[in-house]
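# Coordinate inspection notes
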Amino acid sequence: MLGIPIQKLRRWDEQGVLVAGRTHGGHRRYSRELIDRLTGTGLGAANDKATKELATIRKSLAEKRRIIQLLLESENRYRDLVETSHDLIWTTDAQGRFIYLNAAANAIFGVAAKDLVGRCFFDFEADPSHVSNRRFLAMLKRNGEVKHYVTHLITAGGEDRWIGINARVMLDDNGAICGIRGTARDITEEHLATQRIEHLAMHDALTDLPNRLSLQRKVESALQSGGVGALLFLDIDHFKYVNDNFGHRTGDQLIVGVGSVLRDLMRGLNGELFRLGGDEFAIHLPSALRKEALDAGEQALDAVRRYRFQAADNKVISNLAASAGIALYPFHGNDVLALLSNVDIAMYQAKDLGRNRQVLFDQVSAGLRSTHRRIHWAKKLRDALDEDRLVLFQQPVVRLKDRKTVHHEVLVRIRDEDGEHILPGNFIELAESLGLIQDIDMRVVEKLLAYLRTQERSDGKLRYFVNLSRVSISDQHWVQRMTALLHGSGVNPSQLVFEITETAAMSEIDVTITFIKRLKEMGCRFALDDFGAGFSSFYYLKRFDVDYLKIDGSFIRDLATDEGSRIFVRALNDVARGLDKQVIAEWVETPEALNLLLGMGTQFGQGHLFQRPVPLEHAAAALPVRDANAA
């Protein structure tokens, strides 16, 4: 009648499969008597009640089978996903000892998952003091979870691994930690790539010595700690003769050789060697006073004198000499810029006195010379402002794939009394120190707005890039004046792109962010200029809501000949694309550099390869951008 053998029904009954009313355990089981009664021959098919009960049983059993099948399928799916994942998936007890790991454990630790049960991450920690372990557990206890925690492990085979960990605590019914679970990923390749980029940013590509940026940070740290020390600049005498007579390749080899000699000297001194560029080196001597600094300087000069360099054609270059300047901190400068300026002055004094010697910075003579120079430029800049002799030039920003001009960068010049134009490199820094840079910035913006108002046909897609100084954007009164000027100008704000140098942006991060936000609300756009000059901005780049990144021209200039520059520029392009920002390469001067930039995906460029700067009022009549293939 039921279509189910009675033996099977009784077996289900013994196994508790047939359920109905509730008992102490929460279920009511069908009794054996009921089964016998329902399956008896005397009952017959007419018993509707029995038929309904059996139908209910069958429906319940079918539902149970369906649920069990779904659970089995879900468990198998979960197990497949976990066991085939490239990421490590793990669970620990309350003490952090593994109780489960998937198959990825072998790739992370070099040990099979089953052999790791009872051990923990930090059995493999590279730092024997387990500092990372304590920091990780403290963060986990405080926050309940940890994301993107990076630690350095050593595998069972002795290989270095950098691991990124995500973890979350498991709590029991009383709110106490009963375990930890999470994921981990091998990020060794990404970590080493980041270290490589950081190294390139802070080191000279030719000698692999720390560079000028690295020196500035080291000295700044020493000044902030209130310490004393000495800084020595050393410049090879008549190095141009070597380049002109033996070639730049030999000159580079000579620089490497001198760097090696000075690096060997540092082992006996409590100092660090830097290459500043060209033929100029620097030595930082923390804790050194006058005597120690002079002794170290004489040893460095003597090491250069005794160096013999053999060129590729077996010609020996001897009788080398160098000039050195020394400044002591904080006595000769209590900030980085002042100290670097003063030690540079001392070095050029050594050259003026006949070279092949060292000079300790003389506060009195340098002060007099500096004062005269400041007075001269203060008058020159003030006269230029009063007589309206600031002239705006423009240089096109082109789309690299078709060389079409899409924007313009506005550049400022001073028209001298004789009609010649003075480039900004000669006066911008002095204008900042003299307190005149804000007047110059405001005058540039005023002139540009006036020019845009006179244009009969305005192309809304054509934008003008304008540089602003750190001093200006940090002065709230100046910012208010400029925003009022923009509001009343009648010029479309989307045509304006304000450039802030990377070093200026990093000097006052919160001020920069506030200024960008305020001007972007008006519709203006922003560019981060000289990007790559200071690697520290990588960390803050997501906070700077800029539209364009202008790669520092020093990287572009050497792109065709310097592998380090190519690696760095490619990395900057990748970062920009990842953050959805457009890239402009400055100083594009050769077809080789252009082709390399196109291959890296750089969208825009500017430089002499396309067009030199021309006066803004002549922009409409300027020659068309040249075809780079014909350059």
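The present account deals with the structure reproduced in this document. The shown structure was predicted, so the numbers you read here are calculated from the model rather than taken from an experiment. (Residues numbered from 1 in each chain as written. Predicted model: local features only at pLDDT ≥ 70, side-chain atom pairs only at ≥ 80, totals over all residues. Heavy atoms only, no water.)

### Quick look at the sheet that holds strand β5 (residues 145-154)
Our working rule: In short, DSSP must find at least two bridges between two strands for them to pair. Only DSSP runs of H or I reaching four residues or more are called helices, and only runs of E reaching two or more are called strands; each is numbered from the N terminus. Only the stretch in contact is used when fitting a helix axis, every axis being a line fitted to C-alpha atoms; angles between N-to-C directions are given from 0 to 180 degrees. Only heavy atoms matter for contacts: two residues are in contact if any of them lie within 4.5 Å across the pair.
The sheet built from five strands is open, its strands ordered β4-β3-β7-β6-β5 with antiparallel pairing. Pairing within the sheet leaves two strands with one partner each, and these edge strands are β4 (98-101) and β5. Along the sheet, successive strands turn relative to each other by an average axial angle of 25 degrees, direction set aside. Strand direction decides the pairing type here: β5 and strand β6 (residues 160-171), joined by eight bridges, are antiparallel. Counted as the bridge partner of valine 146 is alanine 167 from β6. Helix α6 (residues 188-202) rests against β6 and β7 (177-186) of the sheet, and its axis sits at about 120 degrees to β6.

### A few points about the pairing of strand β18 (residues 463-467)
So the rule is basically this: Three labels apply to residues, based on accessible area from a 1.4 Å probe with only protein chains included: buried if under 20% of the type maximum, exposed if over 50%, partly exposed otherwise in between.
Burial of β18 is extensive: four of the five residues sit out of reach of the surface. With four bridges joining them, strand β16 (residues 404-415) and β18 adopt parallel strand pairing. Note on β18: the bridge partner recorded for histidine 407 is arginine 463. Here β18 pairs with strand β19 (residues 496-501) via four bridges, running parallel. Bridge pairing links asparagine 467 to glutamate 499 in β19.

### Section: unusual backbone geometry
Backbone torsion omega between tyrosine 329 and proline 330 reads 5 degrees, so that peptide bond is classified as cis. Relative to the assigned elements, proline 330 resides in the loop between β13 (322-329) and α11 (336-352). Backbone geometry places histidine 148, a non-glycine residue, at a positive phi of 55 degrees. Looking at the element boundaries, histidine 148 is found in strand β5. What makes histidine 148 exposed here is its relative accessible area of 65%.

### Things to note about the nonpolar core
Heads up, the condition is: Note on terminology: a nonpolar core comprises buried Ala, Val, Leu, Ile, Met, Phe, Trp, Tyr and Cys residues joined through side-chain atoms within 4.5 Å.
If you look at the biggest cluster of nonpolar residues, it comprises 75 residues, and the most contacted ones within it are Leu448, Met482, Leu486, Phe498, Phe515 and Leu519. For this core, the element with the most residues is helix α14 (residues 437-454), which contributes nine residues. In this structure, Val258, Leu262, Leu265 and Leu360 belong to the second largest nonpolar core, which totals 34 residues.

### Looking at the environment of isoleucine 551
Checked against the element boundaries, isoleucine 551 lands in strand β21 (residues 548-551). Residue isoleucine 551 is classed as buried on the basis of its relative accessible area of 1%. When the C-alpha positions of isoleucine 551 and valine 583 are compared, they lie 7.2 Å apart, and in sequence the two are 32 residues distant. Excluding residues within four positions of it along the chain, isoleucine 551 makes contact with Phe531, Ile556, Val569, Leu572, Asn573, Val583, Ile584 and Glu586.

### Observations concerning the pattern of salt bridges
Definition in use: Each salt bridge in this description consists of a side-chain nitrogen of Lys or Arg and a carboxyl oxygen of Asp or Glu lying within 4 Å of one another.
Taken as a whole, this structure holds 35 salt bridges when the rule is applied. Here arginine 161 ties to glutamate 159 by a salt bridge, and the two come within 3.0 Å at their closest N and O atoms. Under the relative-accessibility criterion, arginine 161 is labelled buried at 16%.

Keep in mind these numbers describe shape, not what the thing actually does.
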